[in-house]
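The primary structure of each chain is shown beneath.
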Amino acid sequence: MTKTYELVGIGNAVVDVITQCDDSFLGNMDIEKGIMQLIEQDRAELLYASMNDRVQTPGGAVANTIAGAGALGMQTAFIGRVRDDALGRFYADAMTDIGIDFVNTPVSGSDISTSRCMIFVTPDGERSLNTYLGISTGLTSDDVPQDVSGNAKLMFLEGYLFDHDAGKTAFREAARATKAGGGKAGIAISDPFCVERHRYDFLQLIEHDLDYVIGNEHEIQSLFETNDTEAALSKTADICANVVCTRSGDGVTLIRDGQRVDVPVDMVTPVDATGAGDQFAAGFLFGMSKGADLETCGRMGNLCAAEVISHIGPRPQKDMLAAFKDEGLI
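Residues numbered from 1 in each chain as written. Predicted model: local features only at pLDDT ≥ 70, side-chain atom pairs only at ≥ 80, totals over all residues. Heavy atoms only, no water.

- You'll find the protein entered in an unreviewed UniProt entry as Adenosine kinase, with Sulfitobacter aestuariivivens given as the organism.

What follows is the structure in structure tokens.
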């Protein structure tokens, strides 16, 4: 029997491994502070062994969003590749255990290991990421079942996977299947450098196949090679019905069919900034799925982001539905 999902995500299936450390540790291990660095498998194994009091969770930007949405009660599924190894089985089981349908069977017979991201959090809340991409980047159309993408009310795509031609094709096909089934498809831009490498294809996907786009200021700017956020927002809104631009402490700008709302944030000192954008997206997409107005969607997203940065880890620990009720949002 075919199942209908409120939200389906396609993204990197990455095991997040989080630890706290000080700046001297970063220096000793040659880890550049505050950025994400791609690493090879031998480097991944070295850093993994160096981590004390590890917190291990199934991660990946869109996977974190799907987990947050599932915690809000949405019927969710996630599409991503893992190897049939210890980390891959951990990932698949951990997603299933929290009520998310993990669509893909772990891949056997591959020499490429399950993806992992080592996250080092310093006392100021800054995070330094070292990511081994592994098997997740090999996603193709074969990994995206039509009976899942075609029965999604909302489809959410991870921009990082757009770096590969097979991923581009899979995204287009998934978005079109979702829209053909009456749903809406959108993307988390993920990385301005990814846009720079594939700007034409990115813009073509947004204009012709997507209903919404979510990004921070730098990511939105990168779409049109400008440092002017307002100009970039205007141009993006010309080709996409729903545009969301997060501005860190300056709040969020949301545009729907030409209507614009700017929603401020309450400043919170972060314990760990990991997952802030991912959980914003979860709150926003929950609101969107319920037909909420723009301001309500933005406020839901901001509440989810504020909660996740108040503790270690990229996923919510509090009952955010209760928080929405307390704020009069539902």
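## Some remarks on the overall build of the protein
Turning to step 1, where the next piece is worked out: A tally of regular secondary structure across the protein gives 13 helices and 14 strands.
Turning to step 2, where the next piece is worked out: On C-alpha atoms alone, the protein measures out to a radius of gyration of 19 Å, which is about the 20 Å that the 2.2 N^0.38 rule sets for 330 residues.
Turning to step 3, where the next piece is worked out: Structurally, the protein occupies a C-alpha span of about 50 × 45 × 40 Å along its principal axes.
Turning to step 4, where the next piece is worked out: Looking at the protein as a whole, 55% of its 330 residues are labelled buried.
Turning to step 5, where the next piece is worked out: In the protein, the share of contacts with a sequence separation of at least 24, taken over all contacts with a separation of at least 6, comes to 73%.
Turning to step 6, where the next piece is worked out: As displayed, the protein offers around 13,900 Å² of accessible surface, 46% of which is attributable to carbon and sulfur atoms.
Turning to step 7, where the next piece is worked out: Across the protein, the centroid of the 26 positively charged side chains sits 4 Å from that of the 49 negatively charged ones. (Helix = DSSP H or I, 4+ residues; strand = E, 2+ residues; numbered from the N terminus. Rg over C-alpha atoms; globule rule 2.2 N^0.38 Å. Buried < 20%, exposed > 50% of the residue type's maximum accessible area, 1.4 Å probe, protein only. Contact = heavy atoms within 4.5 Å. Areas by Shrake-Rupley, 256 points an atom, 1.4 Å probe, with all protein chains shown as cover. Lys, Arg positive; Asp, Glu negative; His and termini not counted. Charge placed at Lys NZ, Arg CZ, Asp CG, Glu CD.)

## Thoughts on the packing of helix α6 (residues 165–180) against helix α8 (residues 199–209)
Turning to step 1, where the next piece is worked out: Interhelical geometry of α6 versus α8 gives an angle of 10° and a closest axis separation of 11 Å. The orientation of α6 relative to α8 falls into the category roughly parallel. Of the residues in α8, those touching α6 at Lys-168, Phe-171, Arg-172, Ala-175, Arg-176 and Lys-179 are Asp-201, Leu-205, His-208 and Asp-209.
Turning to step 2, where the next piece is worked out: Looking at the contact of α6 with α8 residue by residue, the classes come out as 3 nonpolar, 1 polar and 6 charged. (Axes fitted to C-alpha atoms, helices over the stretch in contact; angles between N-to-C directions. Parallel < 35°, antiparallel > 145°, perpendicular 65-115°, else oblique. Nonpolar A, V, L, I, M, F, W, Y, C, P; charged D, E, K, R; others polar.)

## Things to note about the nonpolar core
Turning to step 1, where the next piece is worked out: With 55 residues, the main nonpolar core has Phe-78, Tyr-91, Phe-156 and Phe-284 as its most contacted residues.
Turning to step 2, where the next piece is worked out: Counting residues per element, this core draws most heavily on helix α11 (residues 276–289), at 6 residues.
Turning to step 3, where the next piece is worked out: Leaving out residues up to four positions away in the same chain, Phe-284 has contacts with Ile-214, Val-244, Leu-254, Cys-297 and Gly-301.
Turning to step 4, where the next piece is worked out: Listed in part, the 37 residues of the second largest apolar core include Ala-77, Ile-187, Ile-206 and Leu-210. (Core = buried A, V, L, I, M, F, W, Y, C linked by side-chain atoms within 4.5 Å.)

## Looking at the sheet that holds strand β2 (residues 14–20)
Turning to step 1, where the next piece is worked out: Taken in spatial order, the 5 strands make up an open sheet running β3-β8-β7-β2-β4, and their pairing is mixed. The outermost strands of the open sheet, each flanked by one partner alone, are β3 (36–38) and β4 (55–59). Within this sheet the neighbouring strands show an average axis-to-axis angle of 20°, counted without direction.
Turning to step 2, where the next piece is worked out: Contacts from helix α4 (residues 86–97) reach β2, β4 and β7 (115–121) within the one sheet, and its direction differs from that of β4 by about 70°. (Pairing = 2+ DSSP bridges.)

## Digging into the packing of aromatic side chains
Turning to step 1, where the next piece is worked out: Across all of its chains, the model carries 9 aromatic pairs by this definition.
Turning to step 2, where the next piece is worked out: Relative to Tyr-212, the ring of Phe-156 has its centre 6.2 Å away and its plane inclined at 25°; by these criteria the two rings are stacked. Residue Phe-156 is located in strand β9 (residues 154–158), and its partner Tyr-212 is located in strand β11 (residues 212–216); the two are separated by 56 residues in the primary sequence.
Turning to step 3, where the next piece is worked out: According to the relative accessible area criterion, Phe-156 is buried, its value standing at 2%.
Turning to step 4, where the next piece is worked out: A relative accessible area of 0% means that Tyr-212 is categorised as buried.
Turning to step 5, where the next piece is worked out: Between the aromatic rings of Phe-162 and Phe-202, the centroid separation amounts to 4.8 Å while the plane-to-plane angle is 50°, which identifies the pairing as tilted. Taken as a pair, Phe-162 in the loop between β9 and α6 and Phe-202 in helix α8 lie far apart in primary sequence, 40 residues in all. Grouping residues by exposure puts Phe-162 and Phe-202 together as buried.
Turning to step 6, where the next piece is worked out: Members of the aromatic cluster, connected to one another through ring pairs, are Phe-78, Tyr-91 and Phe-102. (Phe/Tyr/Trp six-rings, centres within 6.5 Å; stacked < 30°, edge-to-face > 60°.)

## Let's talk about the pattern of salt bridges
Turning to step 1, where the next piece is worked out: This model, assessed by the stated rule, comprises 15 salt bridges.
Turning to step 2, where the next piece is worked out: For Lys-33, the salt bridge is made with Asp-124, and the minimal N-O distance between the two is 2.8 Å. Highlighted residues: Lys-33 in the loop between α1 (23–28) and β3 and Asp-124 in the loop between β7 and β8 (127–132), separated in sequence by 91 residues.
Turning to step 3, where the next piece is worked out: For Lys-33, a relative accessible area of 34% corresponds to the partly exposed category.
Turning to step 4, where the next piece is worked out: A residue is classified by how much of its surface remains accessible, and Asp-124, at 46% relative accessible area, is partly exposed.
Turning to step 5, where the next piece is worked out: Across the pair Arg-89 and Asp-84 runs a salt bridge whose closest N-O atoms are separated by 2.9 Å.
Turning to step 6, where the next piece is worked out: Arg-89 gets classed as partly exposed once you look at its relative accessible area, which sits at 40%.
Turning to step 7, where the next piece is worked out: Each of Glu-230, Arg-247, Arg-260 and Asp-262 takes part in salt bridges that share partners, so that together they form one network. (Salt bridge = Lys/Arg side-chain N within 4 Å of Asp/Glu carboxyl O.)

## Considerations on unusual backbone geometry
Turning to step 1, where the next piece is worked out: A positive phi angle is found at Ser-190, which is not glycine, with a value near 80°.
Turning to step 2, where the next piece is worked out: Summarising the element assignment, Ser-190 is placed in the loop between β10 (184–188) and α7 (192–197).
Turning to step 3, where the next piece is worked out: A positive phi angle is found at Glu-225, which is not glycine, with a value near 50°.
Turning to step 4, where the next piece is worked out: For Glu-225, the position within the fold is in the loop between α9 (217–223) and α10 (229–239).

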